Amino acid sequence: MASKNKQGNSVSKSAPARSSFWRREPGLLLIPLLFALLWGAFAGLDTFSPFEQRVVGVDPVGYYVWFRSPVFDADLQFENEYRALMPGKIHGDTLVDPNGPRTATGHLQNAFSLGPALLWSPFLFVAHAVAWAGGWTADGYGQPYHSAVFFANAFYGLLGTLLVYAALRCWFAAGVATLSAVAVWAASPLLYYTFGQEAMSHTVSYCCVALFLFAWVRLREREGYMPWILIGAALGLATLARWQNVTFALVPTVDLLARDWKRDFPRLVACGAAT
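The structure contained in this document is the topic of the report that follows. What you see as residue numbers is a count from 1 along each chain, following the sequence as written. Side-chain atom pairs in this predicted model are given and counted only at pLDDT of 80 or more, local residue features only at pLDDT of at least 70, and totals for whole chains, interfaces and linings cover all residues. No hydrogens and no water enter the side-chain calculation; it runs on all heavy atoms of the structure.

### Quick look at the nonpolar core
Generally speaking, soluble globular proteins have nonpolar side chains that are buried together.
Thinking step 1. Here the nonpolar core consists of buried residues drawn from Ala, Val, Leu, Ile, Met, Phe, Trp, Tyr and Cys, with membership extended through side-chain atoms lying within 4.5 Å. Remark: exposure states derive from per-residue accessible area (1.4 Å probe, protein chains only) relative to the maximum for the residue type, with buried under 20%, exposed over 50%, and partly exposed in between. In this structure, Tyr64, Trp120, Leu124, Trp185 and Phe195 are the most contacted members of the largest nonpolar core, which totals 53 residues.
Thinking step 2. In terms of residue count, helix 6 (residues 143–168) provides more of this core than any other element does, 11 residues in total.
Thinking step 3. Within the second largest apolar cluster, 13 residues are counted, among which are Ala167, Val217, Ala234 and Leu235. Numbering goes from the N terminus for both helices and strands, where a helix is a DSSP run of H or I of at least four residues and a strand is a run of E of at least two.

### Some remarks on the side chain of Asp97
Thinking step 1. With respect to the helices, strands and loops of the structure, Asp97 is situated in the loop between helix 4 (79–85) and helix 5 (115–134).
Thinking step 2. In contact with Asp97, not counting residues within four places along its chain, are Tyr82, Lys89 and Leu108. Only heavy atoms matter for contacts: two residues are in contact if any of them lie within 4.5 Å across the pair.

### Thoughts on the packing of aromatic side chains
Thinking step 1. Centres within 6.5 Å make a pair out of two Phe, Tyr or Trp rings, where for Trp the six-membered ring is used; the pair is then stacked when the planes are under 30 degrees apart, edge-to-face when over 60, and tilted otherwise. One pass over the structure, following the stated rule, counts 24 aromatic pairs.
Thinking step 2. On the basis of an interplanar angle of 75° and a centroid distance of 5.0 Å, the ring pair of Phe21 and Trp22 is categorised as edge-to-face.
Thinking step 3. What makes Phe21 partly exposed here is its relative accessible area of 37%.
Thinking step 4. Trp22 sits in the partly exposed class, given a relative accessible area of 43%.
Thinking step 5. Judged by centre distance (6.4 Å) and plane angle (70°), the ring pair of Phe212 and Phe248 falls under edge-to-face. Placement of the pair is Phe212 in helix 9 (residues 202–219) and Phe248 in the loop between helix 10 (226–241) and helix 11 (250–257), with a sequence separation of 36 residues.
Thinking step 6. When its relative accessible area of 0% is taken as the criterion, Phe212 is described as buried.
Thinking step 7. What links up through ring pairs into an aromatic cluster is the set Phe35, Trp39, Phe42, Phe48, Phe51, Phe151, Trp185 and Phe195.

### Topic: a nonpolar patch on the surface
Thinking step 1. Each patch groups residues whose relative accessible area exceeds 30% and which form no salt bridge, using 9 Å between like charges and 5 Å between nonpolar side chains of Val, Leu, Ile, Met, Phe, Trp and Tyr. Areas reported as accessible are Shrake-Rupley estimates using a 1.4 Å probe. Residue values count occlusion only from the protein chains shown. Salt bridges are defined as contacts in which a side-chain nitrogen from Lys or Arg sits within 4 Å of a carboxyl oxygen from Asp or Glu. On the surface, a nonpolar cluster with roughly 530 Å² of combined accessible area is contributed by Phe21, Trp22, Leu28, Leu29, Leu30 and Leu33.
Thinking step 2. With respect to the helices and strands, the residue Phe21 is situated in helix 1 (residues 21–24).

### As for the pattern of salt bridges
Thinking step 1. This model, assessed by the stated rule, comprises 12 salt bridges.
Thinking step 2. Here Glu25 and Arg169 are joined by a salt bridge, their closest N and O atoms 3.0 Å apart. In this pair, Glu25 sits in the loop between helix 1 and helix 2 (27–44) while Arg169 sits in the loop between helix 6 and helix 7 (174–186), placing the two residues 144 residues apart along the sequence.
Thinking step 3. Classification of Glu25 as buried rests on a relative accessible area of 18%.
Thinking step 4. With a shortest N-O distance of 2.7 Å, Asp255 and Arg220 are connected by a salt bridge. With a gap of 35 residues between them, Asp255 in helix 11 and Arg220 in the loop between helix 9 and helix 10 connect regions that are remote in the sequence.

### Some points on the side chain of Thr161
Thinking step 1. Within the secondary structure layout, Thr161 lies in helix 6.
Thinking step 2. Under the relative-accessibility criterion, Thr161 is labelled buried at 1%.
Thinking step 3. Whenever two N or O atoms come within 3.5 Å, that pair is a polar contact, provided that in protein one can donate a hydrogen and the other can accept it, and provided that, for residues adjacent in sequence, both atoms are side-chain atoms. Polar side-chain contacts of Thr161 include one of 2.9 Å to the side chain of Tyr206.
Thinking step 4. Ignoring sequence-local partners within four residues, the contact set of Thr161 consists of Ile31, Ala181, Trp185 and Tyr206.

### Focus on helix 6
Thinking step 1. Here a helix's expected span is defined as the number of its residues, less one, multiplied by 1.5 Å. If you check helix 6, its first and last C-alpha atoms are 38 Å apart, about what 26 residues at 1.5 Å a residue would give, namely 38 Å.
Thinking step 2. Most of helix 6 sits inside the fold, with 21 of its 26 residues counted as buried.

### Notes on helix 2
Thinking step 1. For helix 2, with 18 residues, the first-to-last C-alpha span of 25 Å sits near the 26 Å given by 1.5 Å per residue.
Thinking step 2. Every buried residue of helix 2 is accounted for by Gly27, Ile31, Phe35, Leu38 and Phe42. Along the axis of helix 2, the buried positions cluster into a sector of 75°, meaning they face one direction only. For helix 2, exposure combined with an orientation more than 90 degrees from the buried face picks out Leu37 and Gly44.
Thinking step 3. Lining the buried residues of helix 2 we find helix 6, helix 7 and helix 8 (190–194).
Thinking step 4. Asp46 occupies a position one or two residues after helix 2 and carries a positive phi of about 60°. Arc definition: directions from the helix axis to the C-beta atoms.

What follows is the structure in structure tokens.
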């Protein structure tokens with residue numbers, strides 16, 4: 001398109017250049033790239049090999065049996081899982097001991113939260129199909145099931161970091177949000193748990209808390225009850241992942257009561273009920 005300046009000369013006018021999506025949101029590209037590079041580094045050091053690693057140890061077994069027992073045995077009797085997954089007694093363990101004390105209803109105790117098994121389950125159902133198609137015994141104990149847990153933990157480490165980035169972008173520039181999200185993940189013990197040698201709950205917990213904070217940041221200014229119901233549901237999921245995450249209830253509580261508590265108290269009740 002052309003126009004004339006004050007001297008009557010023709011001047012071409014071009015449309016303003018639009019920045020690309022990746023230039024506007026570099027974190028959504030850089031974080032997965034860093035994830036892939038770190039995966040390669042840990043695999044090269046032979047410290048992260050999900051095709052060979054297994055769910056062993058007190059905490060990992062305690063989390064995993066919440067999937068294996070109800071799905072394959074249709075019960076919550078964990079003795080057979082404890083015996084199969086913990087063939088060697090760990091000194092001092094009383095949490096996943098197949099010979100441990102029974103509850104009043106005759107069950108072995110399980111002090112671990114069921115959230116990790118819930119979040120691992122999509123990967124474990126895929127593993128079940130792989131085991132069935134690949135000739136493994138499809139009983140919840142074969143290598144595909146163990147591998148699925150480690151792949152799931154890596155995925156939730158990545159997803160949690162992307163959610164942290166997305167939450168920070170509501171308040172900060174793209175560069176600051178990218179650097180901060182990467183620092184939260186890669187400069188902390190979360191990096192170990194993402195590419196861990198044990199199947200712990202930490203990256204699942206991290207991802208759920210990141211989802212809760214993302215929901216709170218994005219929805220807190222919206223009218224009505226539904227935004228706070230969604231925030232509360234995300235907090236409930238985070239609490240299922242790791243019991244102590246319930247302390248994050250302070251975030252919506254302080255947020256709402258510091259505004260107009262008479263108006264916002266019903267929203268807080270809705271948030272709590274959803275949790």
